[in-house]
Amino acid sequence: MEFEDFIEQGKVRKGGSDISKVRSLLETSNNHLLFLKNQKIDEISAGSILVTYYEALREIVEAICLKEGFKVYSHEAFTSFLKDKNEDSASVKFDNLRKLRNSINYYGEKVSTSEVESAKIEIVKLIHILKNKYLMEFVKK
């Protein structure tokens, strides 16, 4: 589905930039990453850790949307937003992570520690790339 379709369906609303919310989302994402930095990934913690890493990434994508004046009410719309920004690789990775997170949250599926280790590396890279490309003016030096 195209990003424009989400706008037409009301799952995305166009408005003005919400800079205070952008800053808040960046701070929350950073706090998630700081919290996760020293967490041990094991069979018990794996799902919760993956979900929190996903949230840190989602918050960055949401911040970019808000900077550009979009309020998004669907995680699927974030995938289309990234694709519209010609971030095809990020779009595919985000969507795969969204599906993995949904399988944990909504279907009670287990995730292996190795999956979480791989996702962790991927998410941290993606966050770094997206922040540097779209949110540098908000990143504290």
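You'll find the structure just up there.
Structure report, in brief. The structure displayed is predicted, hence computed values, not measured ones.

## Description of the overall build of the protein chain
Part 1 of the argument: Helix and strand counts for the protein chain stand at six helices and two strands.
Part 2 of the argument: Ordered by position in the sequence, the α and β elements of the protein chain form the string α-β-α-α-β-α-α-α.
Part 3 of the argument: Here the protein chain has a C-alpha radius of gyration of 15 Å; the compact-globule value for 141 residues is 14 Å, and the two agree.
Part 4 of the argument: The proportion of buried residues among the 141 residues of the protein chain is 44%.
Part 5 of the argument: Of the contacts made within the protein chain by residues no fewer than 6 positions apart, 73% connect residues no fewer than 24 positions apart.

## Here's the deal with the side chain of threonine 52
Part 1 of the argument: Inspection of the secondary structure puts threonine 52 in helix α3 (residues 46-67).
Part 2 of the argument: Under the relative-accessibility criterion, threonine 52 is labelled buried at 18%.
Part 3 of the argument: Separated by 2.8 Å, the side chain of threonine 52 and the backbone oxygen of serine 48 make a polar contact.

## Considering the packing of α3 against helix α6 (residues 113-134)
Part 1 of the argument: The geometry of α3 relative to α6 is characterised by a closest axis approach of 10 Å and an angle of 15 degrees between their N-to-C directions. As the angle between them shows, α3 and α6 are arranged roughly parallel. As for the relative orientation of α3 and α6, their crossing is left-handed in sense. Here Ala46, Ile49, Leu50, Tyr53, Tyr54, Ala56, Leu57, Ile60, Val61, Ile64 and Lys67 of α3 come into contact with α6, specifically with Val116, Ala119, Lys120, Ile123, Val124, Leu126, Ile127, Leu130, Lys131 and Tyr134.
Part 2 of the argument: For the contact of α3 with α6, a count of residues per class yields 18 nonpolar, no polar and three charged.

## So, the pattern of salt bridges
Side-chain pairs of opposite charge can arise where the charged atoms are in close proximity.
Part 1 of the argument: Summed over the entire model, instances satisfying the criterion amount to 12 salt bridges.
Part 2 of the argument: For glutamate 55, the salt bridge is made with arginine 101, and the minimal N-O distance between the two is 3.9 Å. Of this pair, glutamate 55 sits in helix α3 while arginine 101 is found in helix α5 (residues 88-107), placing the two residues 46 residues apart along the sequence. Pair check on accessibility: glutamate 55 and arginine 101 agree, each one buried.
Part 3 of the argument: The network of salt bridges with shared partners includes Glu55, Arg58, Glu59, Glu62, Lys71 and Arg101.

## Here we look at the nonpolar core
Generally speaking, soluble globular proteins have nonpolar side chains that are buried together.
Part 1 of the argument: Residues Leu57, Val61, Leu130 and Leu135 are the most contacted members of the largest nonpolar core, which totals 42 residues.
Part 2 of the argument: Of the residues forming this core, the biggest block, 14 residues, is contributed by α3.
Part 3 of the argument: In contact with leucine 135, not counting residues within four places along its chain, are Val22, Leu26, Ile60, Ala63, Ile64, Lys67 and Leu130.

## Notes on a negative patch on the surface
Part 1 of the argument: Where like charges cluster on the molecular surface, the negative patch consists of Glu2, Glu4, Glu8 and Asp84.
Part 2 of the argument: As for its position among the elements, glutamate 4 is in helix α1 (residues 3-8).

## A closer look at unusual backbone geometry
Part 1 of the argument: One non-glycine residue, asparagine 86, lies in positive phi territory at about 65 degrees.
Part 2 of the argument: Along the polypeptide, asparagine 86 turns up in the loop between α4 (75-84) and α5.

## Remarks on the packing of aromatic side chains
Part 1 of the argument: Using the criterion set out here, one finds five aromatic pairs in the structure.
Part 2 of the argument: Ring geometry for phenylalanine 3 and phenylalanine 70: centres 5.0 Å apart, planes at 85 degrees, overall edge-to-face. You can see phenylalanine 3 sitting in helix α1 and its partner phenylalanine 70 sitting in strand β2 (residues 70-72), a full 67 residues away along the chain. In this pair, the class of phenylalanine 3 matches that of phenylalanine 70, namely buried.
Part 3 of the argument: Ring geometry for tyrosine 54 against phenylalanine 94: centres 5.4 Å apart, planes inclined by 35 degrees, an arrangement best described as tilted. Of this pair, tyrosine 54 sits in helix α3 while phenylalanine 94 sits in helix α5; the two residues are 40 residues apart in sequence, bridging distant segments of the chain.
Part 4 of the argument: Given the relative accessible area of 1%, phenylalanine 94 is considered buried.
Part 5 of the argument: Every member of this aromatic cluster is reached through a ring pair, and the members are Phe3, Phe70 and Phe81.

Cut-offs applied
- Residues numbered from 1 in each chain as written.
- Predicted model: local features only at pLDDT ≥ 70, side-chain atom pairs only at ≥ 80, totals over all residues.
- Heavy atoms only, no water.
- Helix = DSSP H or I, 4+ residues; strand = E, 2+ residues; numbered from the N terminus.
- Rg over C-alpha atoms; globule rule 2.2 N^0.38 Å.
- Buried < 20%, exposed > 50% of the residue type's maximum accessible area, 1.4 Å probe, protein only.
- Contact = heavy atoms within 4.5 Å.
- Polar contact = N/O pair within 3.5 Å; in protein donor to acceptor, adjacent residues only side chain to side chain.
- Axes fitted to C-alpha atoms, helices over the stretch in contact; angles between N-to-C directions.
- Parallel < 35°, antiparallel > 145°, perpendicular 65-115°, else oblique.
- Left-handed = near helix turned anticlockwise from the far one by under 90°.
- Nonpolar A, V, L, I, M, F, W, Y, C, P; charged D, E, K, R; others polar.
- Salt bridge = Lys/Arg side-chain N within 4 Å of Asp/Glu carboxyl O.
- Core = buried A, V, L, I, M, F, W, Y, C linked by side-chain atoms within 4.5 Å.
- Patch = residues over 30% accessible without salt bridge, like charges linked within 9 Å, V, L, I, M, F, W, Y side chains within 5 Å.
- Areas by Shrake-Rupley, 256 points an atom, 1.4 Å probe, with all protein chains shown as cover.
- Lys, Arg positive; Asp, Glu negative; His and termini not counted.
- Charge placed at Lys NZ, Arg CZ, Asp CG, Glu CD.
- Phe/Tyr/Trp six-rings, centres within 6.5 Å; stacked < 30°, edge-to-face > 60°.

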